[in-house]
Amino acid sequence: MNQKERIKYYDLLKFLAILTIIILHACWESDVLFHGHKLSFYTQISHFGVPLFLMISGALLLNRDIEIMSFLKKKTARLVYPLAFYVIFTTFVFSIYPNVISGFWYAFMMVGIYLAIPIVNIFIKNAQMREIEYFLVIFILVSLFYEILLEYNIGTTLDLNFFMGPFSYLILGYYLSRNDLRKSLGLSSNVIILLGILIFIVSSLLKMYLGNYYGVYPNVEFISSKLDISFIQVAQASAVFIICRYIYQDVRGIFKLCKMVLENNYVNHFIMSISRASYGMYLFHWFIVKLLRMYNVLPFKINTKQILVADLALALVLFIGSWLVILLLNRIPILNRVSGYA
């Protein structure tokens, strides 16, 4: 896909997804160390990165004419070669530490998703919007149902995992990319963006108030996914997706100014470059985070007020540094095949 063919809001979503993932990993240890302080602010609102990546994959890959072997050869090669390189390299460097590749769980999950996409694609190609909406309504209701059970510590033998895996995010992303809310809801782009901002703020505040369910769901007998699939997370990720999609539409006022900034040639090229490098950045930054933890650089041994700034500064350094490294690797023969630059 060349620059003219690229869909700008997909690039913006990838940009935000990898940024929040890096912020999450940079601040995670501090959040645990200073539990109860405002350090949780970064991590509590930064969990929408992986859901966004999944939603973008659904928007890009579903409802396509897919020839299975060609699809697997092309897509899985881009995914598996960089993953294999970083797994081998990271395991070699951190061989004395157990479970060092756990941070690559998203990439491993995507391998399974790519294997199943040709099958899921058949459903999407033959389904009407009402049938897709039926699936998504159950997904949202089940997510809310399980969240209530967790909140009140209620057990159940009702197994609805079929609606609670990563494919739910893929289908949600496909739906939000194809359904024009301006027509279906009769609202302007400005109003839709304002609703998205409101939903994001409310969902983020709820995550901070109720606590983060990431790492809790996998320990519950009726949830098998490592992915954060709480109702609040679904709302937050959907809000970000909606905001990014409609900010490029016929907006007015301050949103028009935002659109002009995003469409500035330099800004647009920067966002697109980060988008293309995002997978490699995901793999590379985790290696650096593990390295910093091995040498006891993380968490920072400074006071609570200072660490708020230090964590964010570290995240930005990791963000820009990972991007530059991936750009460099992509220019080196052989290594460009494992750089993760698309």
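Small disclaimer: the values here were computed from a predicted structure and weren't measured.

Take the pattern of salt bridges next. Under the definition given, this model contains five salt bridges. Asp180 is paired through a salt bridge with Arg182; the nearest N and O atoms lie 3.0 Å apart. Classification of Arg182 by relative accessible area gives partly exposed; the value is 24%. Its salt-bridge partner being Asp250, residue Arg182 comes within 3.0 Å of it at the nearest N-O pair. Taken together, the positions of Arg182 in helix α8 (residues 181–184) and Asp250 in the loop between α10 (231–246) and α11 (254–262) put the pair 68 residues apart, joining distant regions of the chain. Classification of Asp250 as partly exposed rests on a relative accessible area of 48%. Connected through salt bridges with shared partners, the residues Asp180, Arg182 and Asp250 form a single ionic network.

Unusually for a residue other than glycine, Asn63 sits at a positive phi of about 60°. A positive phi angle, near 75°, is found at Ile334, a position not held by glycine. Relative to the helices and strands, Ile334 is located in the segment after α13 (304–330). Take Ile334: its relative accessible area is 69%, and that puts it in the exposed class.

The description of an aromatic ring pair uses the distance of the two centres, along with the angle that the planes make with each other. All chains considered together, the criterion is met by 17 aromatic pairs. On the numbers, 5.8 Å between centres and 80° between planes, the contact of Phe48 with Phe200 is edge-to-face. A residue pair is termed long-range when its members are at least 10 positions apart, and Phe48 in the loop between α2 (40–44) and α3 (49–61) and Phe200 in helix α9 (residues 189–210) qualify at 152 residues. You can call Phe48 buried: its relative accessible area is 6%. Geometrically, the ring pair formed by Phe145 and Tyr146 is tilted, given 5.5 Å between the ring centres and 40° between the ring planes. Overall, Phe145 belongs to the partly exposed group, its relative accessible area being 31%. Taken together, the aromatic side chains of Phe15, Phe270, Phe319 and Trp323 make up a single cluster linked through ring pairs.

Each value, and the rule that gives it
- Residues numbered from 1 in each chain as written.
- Predicted model: local features only at pLDDT ≥ 70, side-chain atom pairs only at ≥ 80, totals over all residues.
- Heavy atoms only, no water.
- Salt bridge = Lys/Arg side-chain N within 4 Å of Asp/Glu carboxyl O.
- Buried < 20%, exposed > 50% of the residue type's maximum accessible area, 1.4 Å probe, protein only.
- Helix = DSSP H or I, 4+ residues; strand = E, 2+ residues; numbered from the N terminus.
- Phe/Tyr/Trp six-rings, centres within 6.5 Å; stacked < 30°, edge-to-face > 60°.

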